[in-house]
Structures are given as C-alpha cells and as structure tokens.
Amino acid sequence: MKVRPSLLVETGARTMVPTLLVVSAFLLVVGHDSPGGGFVGGLLAGGALLVVFLSGGRAAVTSMLPVPAGAILGAGIMTAVATAIGGLVFGRALLDAGKLEIDAGWFGSWSVGSALLFDVGVFLVVVGLVSTVLLQLGDPEEREE
Amino acid sequence: MTTVVSLLVAVPLVAVGLALVLPSLALRRAVSMAASLASLVLSVIVLVSVDGGDAISVAVGGWTAPIGIQLVADRFAGLMLAVSSTALFGVLAYAVGQRDTDDAFPAFHATYHALAAGVALAFLTGDLFTLFVAFEIMLTASYVLITHRSEAAQVRSTMTYVVVGLVASGLFLIGIGLAYAATGTVNLIEMADRLGDVDSGTRAGIGWLFFMVFGIKAAIFPLFFWLPDSYPTAVTPVTAIFAGLLTKVGVYAIVRTQTLLFPSDGPSTFILIIAGLTMVIGVLGAIAQGDIKRILSFHIISQIGYMIMGLGFFTVAGLAAAIVFIVHQVIVKTVMFLVGGLVETSSGTGRLRDVSGVLHRYPVIAVLFLPAALSLAGLPPFSGFVGKLALVQAGFSAGQWIVVGVSLFASILTLFSMTKIWAGAFWGSPTTNLTRRPGRAMVAATGGLVAVSLFIAFAGQPLLEVATRAAQDLLTGGAVTIGGS
Amino acid sequence: MSVVLAVTAGALVAAGTYLLLQRLLTRIVIGLGLIAHGANLVLLGSGGPPAAPPVIDGSGAPISDPLPQALVLTAIVITFGVTAFLLALAYRSYLLTSSDGVEDDVEDRRIAGFAGGGST
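Residues numbered from 1 in each chain as written. Chains lettered and ligands numbered in written order. Predicted model: local features only at pLDDT ≥ 70, side-chain atom pairs only at ≥ 80, totals over all residues. Heavy atoms only, no water.

1. Brief notes about empty space enclosed by the protein
Vacant regions in the atomic arrangement are exposed by a probe of water-molecule size rolled over the atoms. Evaluated as defined, the whole model comprises four cavities of 30 Å³ or more. Taken together, the elements giving at least two residues each to the lining of the second largest cavity come down to helix 6 (128-147) and helix 7 (155-183) of chain B together with helix 2 (25-45) and helix 3 (66-97) of chain C. Considering every element that reaches the lining of the second largest cavity, the biggest residue donor is helix 3 of chain C, with six residues. Considering only residue class, the lining of the second largest cavity consists of 12 nonpolar, five polar and one charged. (1 Å grid on protein atoms, 1.4 Å probe; cavity = no way out; pocket = protein on both sides within 12 Å on 5 of 7 lines; lining within 4 Å. Points joined across faces, edges and corners; volume = space filled by probe spheres on them. Helix = DSSP H or I, 4+ residues; strand = E, 2+ residues; numbered from the N terminus. Nonpolar A, V, L, I, M, F, W, Y, C, P; charged D, E, K, R; others polar.)

Written out as structure tokens, the structure reads:
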C-alpha cells in the first residue's frame, strides 16, 4: 500500500519544484561564460524531479515527464552529437564551436554560442539519467507489486 | 578524410541516441544495423586511405594538440578499426537473428553502440586521458551488457568483472597522474618525446604500471582470473563480442604504449616470460573445463599470450606478426563463441557431458565450427596459421627459441582441446535434447564471419605486408607529429 | 606533489584496498570509492604547486595548471556514474541472493567439491 507523504513535503514541493526548474534553466543558459552549465543545471533539474518523487512517488514523476525517460536521454545524446557534427557540416573540425550575435535593439544584444546547444544536450542526458534512476531504483517495493 | 575519422566515433553515438528514442523494436534494429554497416564502410575507407598515404590526425574542436585533443588514425589503428567493426556488425546480425536478445532487453542496441563508440575512440585517440575516457565508455557499456540478465547464480561472477574493471580504472587514473607529473602532458606523442629526459627508474615504474593496467584488461598471466568466470555468464552475442574485442583493446593499448612511450632496444625477457606463462596456463585451464563457453574463455587468455609474445620481440617482424594474429583472433574468437551459442541454442546446454552428435543432427553447425577451430589451433590453410607462422619466424630471427618452443607446445594443446569439443559435442549419437534448429539469420551471420576468417587466410600475404608497414610506424615513432595531419 | 597530498592519496588507496578485500559488497563499493578518490588526489597533485586561479587577467601572477582540474572533474563524473551502477548491482545481488556477501569463485567451489568429498 502507498503511504501518503507528509503535508509539509507536499506543500513545500509546490513552491520548490518551479523555483528549482527556473534556476536550473538559468544555470544552463549562463553556463558558457559563468559558473553553471548543462551538467550542473541538469543535476538541479534532477533534484527537482527528486522532490517530485518524494512528494508524489513514481506516478508523479512519470506524469511530469512529457516522454519516457530513455527518450530524454537519447534526445540529449543526439543533440550533443549533432552539435559535435555541426562543426563538420560547416567545414570545421569535430566539436568546433560557433557563435551567433543577436542584436535585438531595445532588448539588448546577446551572443549565443553553439556550446549552449551542446550544454542543452548534456542537460537532457543528465535529466534523463536521473529520472531513469528514480524510476528504476527508487521505491522498489512499489515496483514489485 | 578527417571528417571520416570523426564520423567513426560520431556514428555509433548517433545510433545510441536514436536507439533510445525510437519506440519500436523493428525501427531500432534497422537503425542499429545501418549504423553498424556505416561504421564498417567508414573504417575500411580509413584503412585504405592511411595505408596508401600518411596517417590522419584530427584536432578536435579546432584546437591543435598539445592544447586540444588529437585523434590519430595510423595503419595499426586502421586495421584494428576495420576488423573490429566487421566483428561488431557480424555479432549484431547474429543478435538480431537470435531475436530474444534485444527483445528481452530494450536498451540492448543503445548499449551495444555505446560499446562500439568506446572501442572506436580507444583505437583513435592520441592522448592518454581520452584513452581512459574511451575505456570507461566501453567498460561501462560492457558492465550493463554482462549484468542485465544475470540471475542469482551468475551475479557474483559479473560482480567480479565490474569490480576488477573499476580497480583497473583507478590504477589507470593514478598512472595518468604520475605520467602527467613526470612529463607535463597527456598527449601520447609529446609524452614520448619528454619521457626521454625522465629518470629511467621513474620511467620504468610508470611503464610497468601501464603494462599492469592494460594487462588486467587484456587478461595476461597473473591478471586473468576474472575472465573465465564472467564471460560465459552473458548471452551469446555479448560473450562473443567481449571475447573478440575487449581483451584485444587491452592488447592494443599495451602495444601502443609500450612501443611509443617505453620502447625497448632488444627483446624484453620479462614480457616474453609473461607471454609464455599466459599461453600455457590459459590452455591448461581450457583442457580442464567441460563446458564449451568456459573452454573458449580460457582459450582467449592463451591466445593473448601469442600477441604479447610478438610484442616482446620488439622487432618489426614480431610486431607485424602480433598485429596479424590480433586481426585473426578478433574474427575467429568471435566465431567460436557464436558457434558455441548455436550449439547451446540447439540443445539448451553447452556442457560437453550433456550434448553430442550435433554433426549428425545439424551438420551446418559442424561445418561452421571446423574451420574456426582449426584456425584457432593454427593449422594450415586457415587464418591462424598465417599469424602463428609469422610469429614463429619472428621468434627464430630474434633468437628466442624457448618461448617459440613454448608457443608450439601450447598450439598442440589448443588442438587437443578443440578435439575435445569436436569429439564431445559433434561426434557420437545425437542426444535427445537436440530439438531446436538454430535460426537462419544466426547461421548466416556466423557463416559470414567464417568467410571473413577464410578471407584473412587467403589474403595473408597482403595483410602481413600492411601489418609490417604498421609495425615499422610503431617502432620508428610513427608518421604522426603533434598537431600535424 | 605536496607531501600532504601524497600521504592522503596513499592512505585512501590503502584503506580502499583493505575494504576491497572484504566479503561484503557494500564495503567493496565504499573501497572502490576510496581508491577513486585517491586516484583523483594523485591527478590533482600532478598539476604542481597551488597558485592563482587559471584566469589570464593581465597581472602576470603565476596561475595553477588547469588541466589536472579538468581531468579530475571528468574522472569524478565517470566514477559517480559507475558507483551508482555498482550500488544498483549490489542491491540486485542482495535481492537475488538475500545476502550482501560475496560467494567463492565458481572454480574454487568446484575444486572444493572434489576435495571435500562430503567430509566438510
């Protein structure tokens, strides 16, 4: 039978999960020039998933993920490898990085490196891995029934 | 050409991603086979290109070595890539033909291609730390493959495999740390330059540490204990590809580091002693066993001894012979395990006591077994003969009579042990458990690899010439310069 | 490499080796973790004496070698993944055999069977 988690955990999760996800996205985006990056952001998003798991169990995690955990992992690997091959497509070396300068007038200007795309891949791999671990290893009693 | 070399690592990784994303088994199989075939074609292109011209060097990320990571494809790496992707493709075809391998294990194709990516990276890498990463990719994939179906009886053996692999990885890291402290670089070519100035005792210490680390992976004499227990516990395709490839990647790393970083002027008595002991102890272990896969597992160890012997001569002829022998072993060892798997599929057991008369019931299995077994024992006109003859000749010209004598003795015992399988499983009256005809695809995949091994024998002379050029590259420091292409 | 780092790395590897030789899987896993930490310390120590962060800011101060730090980071990530896998495996071994111990070698058991002959 399933034990209902404490009220504190459930209520806490409601505020924590969105915050954690926003911060993890922030870390992912700034990662190229500042502390952060795909791995750290992915781990933080994985932490958010862990909170969801603690408050709602396996079902909550499954319903939160849009696609199966393995597919997130695969999509991440493909994004990262596609970025790596991207260098070849533009006649440069494997894993070579490019940069895109965006000038949006009033909104300021950004420079977006292809390293960001690679980081997105890493982010997805880590999230996929953490959710696979949660779904496979967490709460084995529930799985066996 | 640098693009092709880069793709050799990238294609298996794309296959990993696709195999995880695709929902249906049929699609996964199609993508997996296509990627494996593409790797095979690419590696043959690389081999032809590097044999005709210079070695190819890729500066990853546009950063030239020694700052960036360098991928290097020379003749030795090209040969190893071509033969390993052949074996990977053959075994994948067998696994798809067997049906229940990837049916019962949804992530089989993804893990298999992760293994392939690790193997390709290990052959191509030009720096020590990337070699470590490549080993980890390959080994982690192998941990998953070997353990995914282990039951209570086997979980201990597979645990040994994982733990031994991790200890070796830890030692490898320590070795990299020491080598970096001594030379200030992890690029293999630059390290080879700088190791000349390092104190000879320090150099020898680092050299033997690496020899031990790769020796664990390659299962040489005192470090082989983990292999015969763990390999037979996996499903047939997994055991076959482990037997054909993983230990040979260890041998490749030994050859690469010993020739490039720690070259020796004359024959190394220590390596030759290890080689002799590995051959004899491995084959004696094989004779004592009564299960086809366990017999073959001990033979892996025994055959590693021959490769190490070729290295131990430290002559062009010896290294060339060792390379030819590795090429032959990758294919033949894989075939032997696949045939063992066919026997198990048809009878439900691999114990020689419980099965006999396969020859009369399913002659096709016997037809596949015979050339592979005779090749393993080194009889003409099969592929093992080419390698062993070259090894013996190299040993004679290096004046190492004793170890050559030991190797011939081990060959006779190998033949005896093959006879034991033949007499036990193939001759005699068919046992009642021979009820399941092996699938056509499995037989075809095995047959294809047997044909490759016959082709190796047929093309023995050109292969030996390529291997001799590869060995010259290895002993003269190679045609590759730091960051050059 | 500083003496403190060297001694610590040696102690970690020694303790890891001791734990590795135990019968219980959980101890083996912890032992492997200690050996990996020891190896990481060796890598870290191989970068030479500590110095300013490896950022070129024009001050000309000596900076520490960034490569070993990158290597250690990679090694830590790999070790993290493999240790998680090993723990899962140990857990599965526990589920299957309902004990945390490691049995004897298959070959050892076979030979012990020959020698024992029912006496022990």
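Read on, since the account is not over.
2. A closer look at the interface of chain B and chain C
At the interface, 34 residues of chain B touch 36 residues of chain C. Summing both partners gives a buried area of about 2900 Å² for chain B against chain C, and 75% of it is carried by carbon and sulfur. Contact with chain C buries surface across chain B, with B:Arg156, B:Met159 and B:Tyr180 losing the most and accounting together for 23% of the total. Counting the contacts that link chain B with chain C gives zero salt bridges. At the boundary of chain B and chain C, one finds one residue pair in polar contact (both at pLDDT 80 or more). Those elements that provide at least two residues to the side of chain B that touches chain C are helix 6 and helix 7 of chain B. Sort the elements by how many residues they give to the side of chain B that touches chain C and helix 7 of chain B lands first, with 16 residues. Partitioning the side of chain B that touches chain C into residue classes produces 20 nonpolar, eight polar and six charged. (Contact = heavy atoms within 4.5 Å. Buried area = accessible area lost by both parts, 1.4 Å probe. Salt bridge = Lys/Arg side-chain N within 4 Å of Asp/Glu carboxyl O. Polar contact = N/O pair within 3.5 Å; in protein donor to acceptor, adjacent residues only side chain to side chain.)

3. Let's talk about the nonpolar core
Counting residues in each nonpolar core, the largest one holds 212 residues, and the members touching the most others are B:Tyr161 and B:Phe426. Of all the elements, helix 14 (residues 316-347) of chain B adds the most residues to this core, at 18 residues. In contact with B:Tyr161, other than residues within four places in its own chain, are B:Leu139, B:Ser142, B:Tyr143, B:Ile146, B:Trp226, B:Ser230, B:Tyr231, B:Phe242 and B:Leu246. A:Val51, A:Phe123, A:Val127 and A:Leu135 belong to the second-largest nonpolar core, a separate cluster that totals 17 residues. (Core = buried A, V, L, I, M, F, W, Y, C linked by side-chain atoms within 4.5 Å. Buried < 20%, exposed > 50% of the residue type's maximum accessible area, 1.4 Å probe, protein only.)

4. Quick word on helix 11 (residues 236-260) of chain B
An ideal rise of 1.5 Å per residue puts 36 Å on 25 residues; helix 11 of chain B measures up with 36 Å between its terminal C-alpha atoms. Along its length, helix 11 of chain B shows its largest kink, about 35°, at B:Phe242. (Expected span 1.5 Å × (residues − 1). Bend = angle between axes of the 7 residues up to and from the residue.)

5. Here's the deal with the layout of surface pockets
Volume-wise, the second largest pocket comes out at about 850 Å³. Together, 33 residues line the second largest pocket, and B:Gln154, B:Pro232, B:Thr233, B:Asp291 and B:Glu344 are the ones closest to its centre. For the lining of the second largest pocket, the secondary-structure elements that each account for two or more residues are helix 4 (100-103), helix 6, helix 13 (292-313) and helix 14 of chain B together with helix 4 (106-116) of chain C.

6. Observations concerning the packing of aromatic side chains
All names here are of chain B. Enumeration over the complete set of coordinates arrives at 30 aromatic pairs over all chains. Between the aromatic rings of phenylalanine 135 and phenylalanine 172, the centroid separation amounts to 5.9 Å while the plane-to-plane angle is 85°, which identifies the pairing as edge-to-face. In this pair, phenylalanine 135 sits in helix 6 while phenylalanine 172 sits in helix 7, placing the two residues 37 residues apart along the sequence. The buried category is assigned to phenylalanine 135, whose relative accessible area is 1%. Ring pairing ties together the aromatic residues Phe129, Phe132, Phe135, Phe172, Phe210, Phe214 and Phe262, which thus form one cluster. Here the guanidinium or amino end of lysine 388 rests over the ring plane of tyrosine 306, the centre of that ring lying 4.6 Å away. (Phe/Tyr/Trp six-rings, centres within 6.5 Å; stacked < 30°, edge-to-face > 60°. Lys NZ or Arg CZ within 6 Å of the ring centre and 35° of its normal.)

7. Thoughts on the confidence of the model for chain B
Close inspection of predicted coordinates is inappropriate for parts of the model with low pLDDT. When pLDDT is averaged along chain B, the result is 88, and 98% of the positions lie at 70 or above. Averaged pLDDT values over the elements of chain B bottom out at 75 in helix 4 of chain B and peak at 93 in helix 5 (residues 108-124) of chain B. (pLDDT = per-residue confidence, 0-100.)

8. Considerations on the pattern of salt bridges
Between side chains of opposite charge, a pair can form as their charged atoms come close. Residues and elements named next belong to chain B. Following the criterion strictly, the structure yields seven salt bridges over all chains and no others. In this structure, the salt-bridge partner of aspartate 473 is arginine 75, at a minimum N-O distance of 2.9 Å. Highlighted residues: aspartate 473 in helix 20 (residues 460-475) and arginine 75 in helix 3 (residues 75-98), separated in sequence by 398 residues. For the pair formed by aspartate 473 and arginine 75, the shared burial category is buried. For arginine 194, the salt bridge goes to glutamate 190, with nearest N and O atoms at 2.7 Å. Of the two residues, arginine 194 and glutamate 190 both sit in helix 8 (residues 188-195), four residues apart, roughly one turn of that helix. On the accessibility criterion, arginine 194 (33% relative accessible area) is partly exposed. We classify glutamate 190 as buried; its relative accessible area is 11%.

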